[in-house]
Structures are given as structure tokens and as C-alpha cells.
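Structural features, examined
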Amino acid sequence: MEAAVATIDPLVPRYSAEVQRRFDAVTPPGAEPLLLFRVMAKSARAWSKLVGGSLLDPGPLTLRQREIVIDRTCALIGCEYEWGVHVALFAGAAGLQSAEIAATVYGEASAPCWTPAESLLVAAADALVARGKLNALEVAELKVHFSEEQIIEIIQLCGYYRTIGYLVGTFDLPLEEFGARFEKNSKPCGA
């Protein structure tokens, strides 16, 4: 028998001025802060670490590359909440098509929709989630398409979103209403 899920209730509006300022920095005007944000904001320290380590600022990877890594990592660990938020908010801007989005959940690294470099991103996420590290061959293959700075970012993204998965799972957060859903009948590219 599985133990009850530990939950921490999210903050509810009217937020303090300081909390509202924090939310305003990461939430589009007029939008309600994500449920995850409202839970994490209960701890100023945890909140600062969450947003400080988010890697959502423009970095060495393109938006598309970053989203492939994030979506694949979230899918592999079963974090539909965060995967759905990212698909809803970033997939269009990243140029991810429906079959590619489905491939982040149900496809293989070798799926025909991925470029050779993108296949390596998917394979890197697969290896990091499965083994917690990349081996020398995997790093060498990545170096064909990515700089060392980009490889470090890939590893950090996987680790960061694995941590997000721990938080979401422990808090047993319901899916955001606007978020995408894992669809069992989705057809990934190559299927």
C-alpha cells in the first residue's frame, strides 16, 4: 500500500508585496502564477534557488534545443505537469511540431524528425535520466555538434528538471489547466 502523498498547500492571493514582486518577475501580466511557483514561494530561499537556477534565460543552446532537452527529461521522469507547461508555453516559439512533441514522450532518439544534433540531445537526456551521467563516447558524440559550454548546459538542464520533477511529484500538483497533456494516442514522428 502506497503512503499518502506529502503535500504543501500553495499560497493563495492576496500575496504580500514581496511575493507579488517575485511572481511578477516570472509571470506574464494578468496570468496567475504557476501552482509550483505558489508552493515554492512559501520559502524565500527555495524560491530564489528555483528561479536563480532555472536556465530559462537565453543561454548557449537555442530555444528549440533547450526545449527538446527539458521536454524529454520531463517525459522520461513522468512529470506531465512541467512537460505540459513547457509544451504549452514554449513549443510553438521553439518550432516543435506535434509529432516532435509526441516524440519527446513516446519516440526514440533515432526518430526521423530529429536532426543528428537533436537526436544527440534526446539520447543525452535518455542517458542522464537512466544512468545519471554521460560516458566518454556520448560526450565525444555531443562535441561534434555542441561546444563544451553547451554540453554543460545540457547536463544542468536535465538535472534541474529532474529536481522540478521531484518537487512536483512530492507536492502532488494537479496539472495546470492550460498545460498540454501526455496523449496516449499521439503519433511521434516515425511511428
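Notes on the structure follow. (Residues numbered from 1 in each chain as written. Predicted model: local features only at pLDDT ≥ 70, side-chain atom pairs only at ≥ 80, totals over all residues. Heavy atoms only, no water.)

**A short note on helix α6 (residues 98-106)**
Condition: Only protein chains enter the area calculation, which uses a 1.4 Å probe; residues under 20% of their type maximum are buried, those over 50% are exposed, and those in between are partly exposed. Going along the chain from the N terminus, every DSSP run of H or I of four or more residues is numbered as a helix, and every run of E of two or more is numbered as a strand. Whether two residues are in contact is decided by their heavy atoms: any pair within 4.5 Å suffices.
Three or more residues of α6 are buried, namely Glu 100, Ile 101, Ala 102, Ala 103, Thr 104 and Val 105. Looking at the buried side of α6, the elements it contacts are α4 (63-76) and α5 (80-94).

**Looking at the packing of α5 against α6**
Using the following cut-off: Lines are fitted to the C-alpha atoms to define the axes, a helix being fitted only along its stretch in contact, and any angle between axes, read from their N-to-C directions, falls within 0 to 180 degrees. These descriptions rest on fixed angle ranges, namely under 35 degrees for roughly parallel, over 145 for roughly antiparallel, 65 to 115 for roughly perpendicular, and the rest for oblique. Whether a crossing is left-handed or right-handed is set by the direction in which the near helix is turned from the far one by less than a right angle, anticlockwise for left-handed and clockwise for right-handed. Classes in brief: Ala, Val, Leu, Ile, Met, Phe, Trp, Tyr, Cys and Pro nonpolar; Asp, Glu, Lys and Arg charged; the others, Gly included, polar.
Two numbers describe how α5 lies on α6: the axes approach to 12 Å, and their chain directions differ by 160°. By the angle between their directions, the pair α5 and α6 is classed as roughly antiparallel. Seen from above, α5 lies across α6 with right-handed handedness. Of the residues in α6, those touching α5 at Trp 83, Val 87 and Ala 91 are Ile 101, Thr 104 and Val 105. Residue classes in the contact of α5 with α6 are distributed as 5 nonpolar, 1 polar and no charged.

**Focus: the pattern of salt bridges**
How we decide: We define a salt bridge as a side-chain nitrogen of Lys or Arg found within 4 Å of a carboxyl oxygen belonging to Asp or Glu.
A complete count under the given rule lists 9 salt bridges for this structure. Between Arg 21 and Glu 18 there is a salt bridge, with the nearest N and O atoms lying 2.4 Å from each other. Residue Arg 21 and its partner Glu 18 are located together in helix α1 (residues 17-26), separated by 3 residues, close to a single helical turn. As a salt-bridge pair, Glu 100 and Arg 64 come within 2.7 Å of each other at their nearest N and O atoms. Linking Glu 100 in helix α6 with Arg 64 in helix α4, this pair joins segments that are 36 residues apart in sequence.

**Some details on the state of the cysteines**
Heads up, the rule is: Cysteine sulfur atoms that come within 2.5 Å of each other are treated as a disulfide pair.
Applying the stated criterion to the full structure yields 1 disulfide. What pairs with Cys 113 in a disulfide is Cys 189, and their sulfur atoms sit 1.8 Å apart. With Cys 113 in the loop between α6 and α7 (116-131) and Cys 189 in the segment after α9 (148-171), this pair connects stretches of sequence that are 76 residues apart. Not engaged in a disulfide, the cysteine Cys 79 finds its nearest cysteine sulfur in Cys 74; these two sulfurs lie 5.0 Å apart. Note on Cys 79: relative accessible area 5%, which makes it buried.

**Examining the packing of aromatic side chains**
Note the threshold: Here a Phe, Tyr or Trp ring, Trp counted by its six-membered ring, pairs with any other such ring whose centre lies within 6.5 Å, and the pair is stacked when the planes are under 30 degrees apart, edge-to-face when over 60, and tilted otherwise.
Throughout the structure, instances matching the rule amount to 5 aromatic pairs. Look at Tyr 15 and Phe 23: their rings are 4.9 Å apart centre to centre, the planes differ by 85°, and that puts the pair in the edge-to-face class. Owing to a relative accessible area of 15%, Tyr 15 belongs among the buried residues under this scheme. With centroids separated by 4.9 Å and ring planes inclined at 80°, the aromatic side chains of Tyr 160 and Tyr 161 adopt a geometry described as edge-to-face.

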